[in-house]
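# Per-entry structural report
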Amino acid sequence: MSNKNDYTYNQSSKKIIRHKTISYAIKLMTSERERACCVERNYVRNIYDFYNLSEEHSLNKVETQKIDVSYITNWERLHDSYIGNKRPEDLTIAYLSGPEPENDFREFLGMGILPQNIWGFEINKDSYKKAITAYRVGEFPQPRIIKQNIETFFQQTPKKFDIIYIDACGSIPSSQHALRCIATACQYHRLNSPGVFISNFAEPDINKESIAGFCDLISQYLFFKKYPYLDITFDKNGIANLEYIEYKNEVETNFKYYYSEFISALLRDIPAIIIPLQRFAENPYLNQIFDKNLIHNINIEDLLKLSKGNSLASYFFAMKYLATKNQLGERNNIFLKELINFESLILGLKIIVLLRKKKICLQEDVKAIESYFEEGDKVYRFLDRPHSNMLFD
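Described below are features of the structure shown in this document. What you see is a predicted model; the values in this text were computed from it and never measured.

To continue, consider the side chain of Arg-18. Relative to the assigned elements, Arg-18 resides in helix α1 (residues 12-29). Judged by its relative accessible area of 8%, Arg-18 falls in the buried class. In this structure the side chain of Arg-18 is engaged in a polar contact, spanning 3.0 Å, whose partner is the side chain of Asp-104.

This paragraph deals with the pattern of salt bridges. If you walk through the whole model with that rule in mind, you get 16 salt bridges. Glu-343 is the partner of Lys-320 in a salt bridge, and the nearest nitrogen-oxygen pair spans 2.8 Å. Pair noted here: Lys-320 is in helix α13 (residues 311-324) and Glu-343 is in helix α15 (residues 342-356), with a separation of 23 residues, a long-range link. For Glu-343, a relative accessible area of 45% gives the class partly exposed. Measuring nitrogen to oxygen at the nearest pair gives 3.4 Å for the salt bridge that ties Lys-367 to Glu-364. Pair noted here: Lys-367 and Glu-364 are both in helix α16 (residues 364-375), with a separation of three residues, about one helical turn. We classify Lys-367 as partly exposed; its relative accessible area is 32%.

Pairing within the open sheet is parallel, and its five strands lie in the order β3-β2-β1-β4-β5. Sheet topology places β3 (145-146) and β5 (191-200) at the edges, where each strand pairs with a single neighbour. The strands touched by helix α5 (residues 102-110) are β1 (93-96), β2 (118-121) and β4 (161-167); relative to β1, the strand with the most contacts, the crossing angle is about 160°.

Conventions adopted
- Residues numbered from 1 in each chain as written.
- Predicted model: local features only at pLDDT ≥ 70, side-chain atom pairs only at ≥ 80, totals over all residues.
- Heavy atoms only, no water.
- Helix = DSSP H or I, 4+ residues; strand = E, 2+ residues; numbered from the N terminus.
- Buried < 20%, exposed > 50% of the residue type's maximum accessible area, 1.4 Å probe, protein only.
- Polar contact = N/O pair within 3.5 Å; in protein donor to acceptor, adjacent residues only side chain to side chain.
- Salt bridge = Lys/Arg side-chain N within 4 Å of Asp/Glu carboxyl O.
- Pairing = 2+ DSSP bridges.
- Contact = heavy atoms within 4.5 Å.
- Axes fitted to C-alpha atoms, helices over the stretch in contact; angles between N-to-C directions.

Below is the structure:
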C-alpha cells in the first residue's frame, strides 16, 4: 500500500534539497553575485598585476607596462554598471506552482524574497484549484498564481526574472514540454543577466516504460561530445560505428548516470549555443555579410565532413541525416521539437561551419574587414593575435 505522503512534495528529503537549492541560487544573486558572472570584476586587473609585478623580465611584462591603468578602472566601472548589487527583496522569481505552491513559496519568503515578487504558474485546472485552496487558509490571501502556461507567458509578456525554477514532473524529453519551457525562456530573454535557472526533471520509470528510445537519444548526444573527430558511418539501423555501439551499451548499463550527464550537458548547450544559433540564422543582418541563398544546397553528408571537431554541429547534422532516412525514433523526434526551431538551428550550424571553413563567399566590404584582421600588421597585438573570428563573433 502506498503511503499518502508519496503524493505530496513535502517529505524531509525534498525539503532539504529544496532549501539547499533555493538558498544557493539566492546567494549567487545577492551576496555572491560576482561569482555568477562569466568574467569576474577583477579578471583584467589580476592579469595586469600578474605580469606587471613579476620579477622576471619578459615581453609580456614590457607590454603590460605600456597599459594605462585608467583603462582597467573603466573596465571595472563598466562591469559594475552591468552586474550591480541586489538584495533578496530586489529579486523576482518565476516557478511552477503545482498543487502545493506553499512549499517553494515559503522557502523563498524565508530567505527574504518579497511575496509580490514571486510569480507562480499553473495550467492544470485541478492543480490550480488545489493551489488556490491552499492559500485560502493561509496568511497570504492574494498570492500571484497565474492560470497560464509559463511558456506562453514567456512568449507574450515582457517580464524578466532573476531566478526561474522549473520543477518538472516529466522526463526529458516528454509531452509535458518542460525542456521547451527552458528553451523558450532563453529565446525570449526572460532570465536576467546574471540570472539562475533551477531545474529538476523526472527520471524515466524503467519499470513502466521502455528506455530504449531514451538510450538512443542519450547515446547519440553524448557520443559526439566524446568523439568529435570521428568519421561517422551509417547503416539501416542508424549510426554504425563500433565505438558508438560500445558506447550505447555503456549507456544502457549505467542509464541513471548517463541520463544525468545528458541533462547537464543539454542545459548548458541550450542557452550557450542552441538558442543563440537559431536567432543567428534568423537575423536579417546576415544578408549584409553574405548571400544566404548560396548555402541551402549543400548536402548533409558534406556538412558532416566539414563539421569535424564541432560536436554539436556533427550531432545535429547526423540527426538531420537520419531524419531524411526516416531512422529517427519517437523520442528523438520529440526532443528535436522541444528545441523551438530545428530548421533554424540547422541553418545556424551550417553558417558557422561554412564560415570557419571559408566556404562562404563574403560581400566585398566584409572581405576588406576580414583581410584587415587576417593581415595582422595593422592591428596592435598583446598576448593573443586578433583574427577574423572576432568579426564573426
